[in-house]
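Per-entry structural report
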Amino acid sequence: LVKRIWKGREGGAEMSEFDRWATRAWIEKLDLFRKINLYKDLLHFDDLIESGRAPFAHGEIWIVGWSANSSLYLNKRVFMISVTSIQHFDPRPSASNYKLVLVENVYCKPNAMQLINFLKMAISNPADTIHHIAEQRIGAGSDEESLTARRPPVINVQHRIRDEFDEISSEMAKYGMFCRLLPYEEAVRTCKDYDTHPMGWNYLDMKPRYLYDNDHEM
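Reading the values: rules and limits
In every chain, residue numbers begin from 1 and rise along the written sequence. Given that this is a predicted model, residues contribute local features only at a pLDDT of at least 70 and side-chain atom pairs are listed and counted only at 80 or more, while totals for whole chains, interfaces and linings are drawn from all residues. Side-chain numbers come from the whole structure's heavy atoms, not from hydrogens or water. The cut-offs for exposure are 20% and 50% of the maximum accessible area for each residue type, with area from a 1.4 Å probe on protein chains only; residues under the lower value are buried, those over the upper are exposed, and the others partly exposed. Each helix is a run of H or I in the DSSP string that is no shorter than four residues. Each strand is a run of E no shorter than two, and both are numbered from the N terminus. For two strands to be treated as a pair, DSSP must find no fewer than two bridges joining them. It is the directions from the helix axis to the C-beta atoms that the arc portrays. The contact criterion used is simple: two residues touch if any of their non-hydrogen atoms lie within 4.5 Å. Pairing of aromatic rings covers Phe, Tyr and Trp, the last through its six-membered ring, and needs centres within 6.5 Å; plane angles under 30 degrees mean stacked, over 60 mean edge-to-face, and all others mean tilted. A ring is scored as having a charge over it whenever the NZ atom of a lysine or the CZ atom of an arginine sits within 6 Å of its centre and within 35 degrees of its normal. What is meant by a nonpolar core is a set of buried Ala, Val, Leu, Ile, Met, Phe, Trp, Tyr and Cys residues, joined one to another through side-chain atoms within 4.5 Å.

In terms of residue burial, strand β1 (residues 61–73) counts as a mostly covered element, since 11 of its 13 residues are buried. In this sheet, strand β2 (residues 76–86) lies alongside β1 in antiparallel orientation, the contact comprising 10 bridges. By the bridge assignment for β2, Ile61 is matched with Ile86. Hairpin remark: β1 followed by β2, antiparallel, with 2 residues in the connecting loop; positive phi at Leu74, about 55°.

On to helix α6 (residues 165–173), then. Within the span of α6, buried status applies to Phe165, Ile168, Ser169, Glu171 and Met172. Angular distribution of buried residues about the axis of α6 spans 165°; they occupy a single face of the element. The inward-facing, buried residues of α6 abut α4 (112–124), β4 (154–157) and β5 (178–181).

Turning our eyes to something else, we now look at the environment of Asn125. Relative to the elements of secondary structure, Asn125 occurs in the loop between α4 and α5 (129–137). Look at Asn125 and you get partly exposed, because its relative accessible area is 32%. In this structure the C-alpha to C-alpha distance between Asn125 and Leu38, which are 87 residues apart in sequence, comes to 7.6 Å. Those residues in contact with Asn125, other than ones at most four positions away along the chain, are Leu38, Asp41 and Val101.

All right, on to the packing of aromatic side chains then. Overall, the coordinates contain 2 aromatic pairs when judged by the stated rule. Ring plane angle 85° and centroid distance 5.0 Å describe the contact between Phe45 and Tyr175, whose orientation is recorded as edge-to-face. Taken together, the residues span a long stretch of sequence, with Phe45 in helix α3 (residues 45–50) and Tyr175 in the loop between α6 and β5 at a distance of 130 residues. Accessibility expressed as a relative area gives 1% for Phe45, which makes it buried. Ring geometry for Trp66 against Phe79: centres 5.3 Å apart, planes inclined by 70°, an arrangement best described as edge-to-face. With Trp66 in strand β1 and Phe79 in strand β2, this pair connects stretches of sequence that are 13 residues apart. When its relative accessible area of 3% is taken as the criterion, Phe79 is described as buried. A cation sits over an aromatic face here: Arg151 above Phe56, 4.1 Å from the ring centre. Across the ring face of Trp66, the terminal group of Arg160 is positioned such that the distance to the ring centre comes to 5.8 Å.

Our next topic: the nonpolar core. Core analysis: the biggest nonpolar cluster contains 33 residues, and Val83, Ile155, Ile168 and Met172 have the highest contact counts within it. Mapped by element, the contributors of at least two residues to this core are α2 (17–43), α3, β1, β2, β3 (99–107), α4, β4 and α6. The biggest single contributor to this core is α4, with 7 residues. Setting aside residues no more than four positions away along its own chain, Ile155 makes contact with Trp62, Val64, Leu119, Met172, Met177, Phe178, Cys179 and Arg180.

Another aspect to go through is the side chain of Ser82. In this structure, Ser82 sits in strand β2. For Ser82, a relative accessible area of 17% puts it in the buried group. When sequence neighbours within four positions are dropped, the list of residues in contact with Ser82 reads Ile63, Val64, Gly65, Leu102 and Val103.

What follows is the structure, given as C-alpha cells:
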C-alpha cells in the first residue's frame, strides 16, 4: 500500500482526491477492527468486574491524561489520550518507571464519556500485557504479572482534565477505584521536564501538520 502511494508521487503524477481517500480508507479500516473489539468489551465491562476477572493490582497507580498536537485532520485538532502505569518506583536515573497501558487518538478535546470509556478499555485490555507475558516467558516475570484485565486502586487524573474530573471519579468509584486530581504545580513541574504545555496545548508554538496532506505517513 505504501509503495503504491509513493509510486504515484515519484512518477510525477499527482493522485486524485478519490484515490487518496480510497487508500486512506483502507488504512482506517485496519485500525477500525481493533477499535471495534475494544468498544465491544465495553458492553461486557460490568460482567468483567462482577465475575472477578479484573482483580485489583495492589500497589499500582494509573495516570490518565490527554495532549493536543499540531496535527489537523479535516480541520479538527488531533488529541492523544494516554493511560500509563507506575507500580514500583525506581529512583535510579536510568530506570523506566512508567508503562504504557493505553494510547489512542481522538479528534477535538476529549469529553468525560470518552475518557471514561478509554479507562474501561485500558482495564479490559491493557497494552502492557504483551510486555508482562514476554517477561513471564523468559523467566523475568511471574504468572501474576501476566493477568490480562486488572484494576488500579488509584487513578491520578491530570490537572488539565479538571472539568471532567467529577464525572470520571464518580464513575470509577462504582468499581472501587479512587481518583485523585493532580495539582497544577505538579503539571508545571512535569511539563518542564518534557518541554510541554501544562494545559496540554502543545501545538501553540508548532507549525500545523495537516494529516490530509500527509496520508502516506499514516
